[in-house]
Amino acid sequence: MIVLPISSLRKTDVLLAGGKGASLGELVRAGAKVPPGFVVTSMAYKAYIEYNNIDRLIYKLERRDGDPLALAAKIREAILNGEVPDDLKRELMKIREEFSRDYLAVRSSATYEDSPEFSFAGIHETYLGVRGEEVEYYVKKVWASNFEDRAVTYKLDNRIPPSKVYMAVVVQKLLNPKAAGVAFSLDPRNGDRSVVVIESNWGLGESVVSGEVTPDRFVVSKITNEVVKKEISPSKNVMYVMENGRVVHKETPPEAAVAPSLSDEEVLEITRQVVSLERYFGYAVDVEWAVEGDVYILQSRPETVWSRKAAEAKWISTGDIIKDIVYNLLSFKL
């Protein structure tokens, strides 16, 4: 239980794998293809803290027995210089061997992250481009980020006991995708639930998520499973790619900028996975995806804008009576 494959986790495993790890596991359960990886669980963190007697410093911080930020600095130093127990060292060695040729993402997944009451967004650390032999060092770095000044201040200000925030760590293969972007199980422009809308650019998805480029836009009918509209943007003039484990911002070659970033087959596979997630979760979804040979799902969230409007109204029509009838017959909630 100290290191578990992402595929073995469920959304109910938040206390073991943190919010991020548990969500990735649930995506696999929902049928999505997720980049492979493991979670170094909260039990591993707790065992490490106790093995190195760091818990005494954490309780001192919790009692505010001294300058909190000075204590936090001591805790970080103790975590970075602590000794890894043999059982955890063996498990980390397995990760090193499995991903010996890959670059990895090492991400925080604290048990309080993304909870309904608190948001730790941006407070803990994520490291990209990590090699297998570096995993132990970067797992410690993520653990130590539980006691960065901003993290400690946030906990104390919100009366969250530092001893109760366990830090799981997601260690996941880092993709170098051909194309990436976002997809919605409805049309974000008008709320039409009879279509899937995909926005795409070459390389990593950052340029799409940040709005830096006007992406390609593909609209797929859920009824006929056909690509009914393509808007190939000539403004895909920049992209982000992975080079030697680093994210690099590049200009897109002119011939690529005007070419479609996805084939029809890739568009339909993204659609299949998005529709599958919508059915599994029972609500419209907003998905981040990437194509590296296969289509991978990186994250899925509830779509909020049109779903909230639908909840407030008894009936919302797509404006097309045929679509409305078909979707009622298929038991889609409009």
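Residues numbered from 1 in each chain as written. Predicted model: local features only at pLDDT ≥ 70, side-chain atom pairs only at ≥ 80, totals over all residues. Heavy atoms only, no water.

Undergrad: I keep staring at the side chain of Ser221 and nothing clicks. Help me out?
TA: Residue position: Ser221 is located in strand S8 (residues 216-221). On the accessibility criterion, Ser221 (10% relative accessible area) is buried. Discounting residues that sit within four places of it in the chain, Ser221 has contacts with Ser194, Val195, Glu226 and Val228. (Helix = DSSP H or I, 4+ residues; strand = E, 2+ residues; numbered from the N terminus. Buried < 20%, exposed > 50% of the residue type's maximum accessible area, 1.4 Å probe, protein only. Contact = heavy atoms within 4.5 Å.)

Undergrad: Honestly, the environment of Gly205 in this entry has me stumped. Any pointers?
TA: Counting through the fold element by element, Gly205 comes out in the loop between strand S7 (195-202) and helix H8 (206-209). Note on Gly205: relative accessible area 14%, which makes it buried. With residues near it in sequence (within four places) discarded, Gly205 still touches Ala180 and Gly181.

Undergrad: I tried to follow the environment of Leu15 on my own but got confused; where do I start?
TA: Mapped onto the elements of the fold, Leu15 is located in helix H1 (residues 14-29). Relative accessible area serves as the criterion here: at 67%, Leu15 is assigned to the exposed category. Put simply, Leu15 and Ala168 are 153 residues apart on the chain and 8.8 Å apart in space, counted from C-alpha to C-alpha. Discounting residues that sit within four places of it in the chain, Leu15 has contacts with Ser42 and Thr111.

Undergrad: Can you walk me through the sheet that holds strand S3 (residues 104-110) in this structure?
TA: A sheet is described by the order of its strands in space; here five strands give the open sequence S1-S2-S5-S3-S4, paired in antiparallel fashion. The two strands at the open ends of the sheet, each matched to only one other strand, are strand S1 (3-5) and strand S4 (126-130). Averaged over all neighbouring strand pairs, the angle between strand axes comes to 20 degrees, with direction disregarded. Sheet topology note: the strand S2 (residues 37-40)/strand S5 (residues 167-173) ladder contains four bridges and is antiparallel. (Pairing = 2+ DSSP bridges. Axes fitted to C-alpha atoms, helices over the stretch in contact; angles between N-to-C directions.)

Undergrad: In this structure, what is going on with the sheet that holds S8? I would like to understand it.
TA: Sheet strands pair by backbone hydrogen bonding; their relative direction is either parallel or antiparallel. As summarised here, the arrangement of the six strands in space is S9-S8-S7-S6-S12-S13, forming an open sheet in which the pairing is antiparallel. Of all the strands in the sheet, the pair left with one neighbour each is strand S9 (227-231) and strand S13 (294-302). On average, adjacent strands in this sheet sit at an angle of 20 degrees to one another, irrespective of strand direction. Of the pairings in the sheet, the one linking S7 to S8 comprises six bridges and is antiparallel in character. The residue of S8 that forms the bridge with Val197 is Val219.

Undergrad: Would you mind showing me how to read the pairing of S5 here?
TA: Put simply, side chains in a regular strand alternate between the two faces of the sheet. Across the seven residues of S5, six count as buried, placing the element largely inside the fold. Pairing of S3 with S5, which is carried by seven bridges, proceeds in the antiparallel orientation. Of the residues in S5, the one forming a bridge with Arg107 is Val170.

Undergrad: For this particular structure, what's the right way to read the pairing of S3?
TA: Of all the seven residues making up S3, six are buried; the element is thus mostly covered by neighbouring parts of the structure. When S3 meets S4, the two strands line up antiparallel, connected through four bridges. Bridge pairing in S4 places Arg107 opposite Thr126.

Undergrad: Would you explain the packing of helix H4 (residues 68-81) against helix H6 (residues 135-144) in this entry?
TA: Helix packing geometry: the angle between the two helix axes and the distance between the axes. The contact between H4 and H6 brings their axes to 9 Å, and the two run at 160 degrees. Compared by their axis directions, H4 and H6 come out roughly antiparallel. The interaxial crossing formed by H4 with H6 has right-handed handedness. Contacts from Arg76, Ile79 and Leu80 in H4 reach Lys140, Lys141, Trp143 and Ala144 in H6. (Parallel < 35°, antiparallel > 145°, perpendicular 65-115°, else oblique. Left-handed = near helix turned anticlockwise from the far one by under 90°.)

Undergrad: So what exactly am I meant to see when it comes to the packing of helix H5 (residues 86-98) against H6 here?
TA: Contact geometry of H5 with H6 gives a least axis separation of 10 Å together with a crossing angle of 115 degrees. Listed contacts from H6 to Leu88, Lys89, Leu92 and Ile95 of H5 are Val135, Glu136 and Trp143.

Undergrad: Looking at this structure, how should I read the nonpolar core?
TA: Ranked by internal contacts, the top residues of the largest apolar core, which has 39 residues, are Val40, Ile79, Leu88, Trp143, Val169 and Val171. When residues in this core are grouped by element, the largest group, six residues, is from H6. Once you skip the residues sitting within four places of it in the chain, Val169 turns out to touch Phe38, Val39, Val40, Val106, Arg107, Val139, Val142 and Trp143. Formed by 31 residues, the second largest nonpolar core is a distinct cluster that contains Leu9, Leu16, Val34 and Leu277. (Core = buried A, V, L, I, M, F, W, Y, C linked by side-chain atoms within 4.5 Å.)

Undergrad: What is the right way to read the confidence of the model for the protein chain from this model?
TA: The share of residues in the protein chain with pLDDT of 70 or more is 90%, and the mean pLDDT across the chain is 90. The lowest-confidence element of the protein chain is helix H12 (residues 321-329), averaging 61 in pLDDT; the highest-confidence one is S8, averaging 98. (pLDDT = per-residue confidence, 0-100.)

Undergrad: Explain the pattern of salt bridges to me, please; I cannot follow it from the model alone.
TA: Any two side chains of opposite charge can pair, given that their charged atoms come close. For the structure on display, the rule yields 20 salt bridges. Taking the shortest distance from any N to any O, the salt bridge between Glu292 and Lys173 comes out at 3.7 Å. Here Glu292, found in strand S12 (residues 285-292), pairs with Lys173, found in strand S5; they are 119 residues apart in sequence, far enough to count as distant. Between Arg301 and Asp286 there is a salt bridge, and its shortest N-O distance comes to 3.7 Å. Pair noted here: Arg301 is in strand S13 and Asp286 is in strand S12, with a separation of 15 residues, a long-range link. According to the relative accessible area criterion, Asp286 is buried, its value standing at 16%. Ionic contacts of the salt-bridge type, sharing partners, join the residues Asp187, Glu199 and Arg217 into one network. (Salt bridge = Lys/Arg side-chain N within 4 Å of Asp/Glu carboxyl O.)

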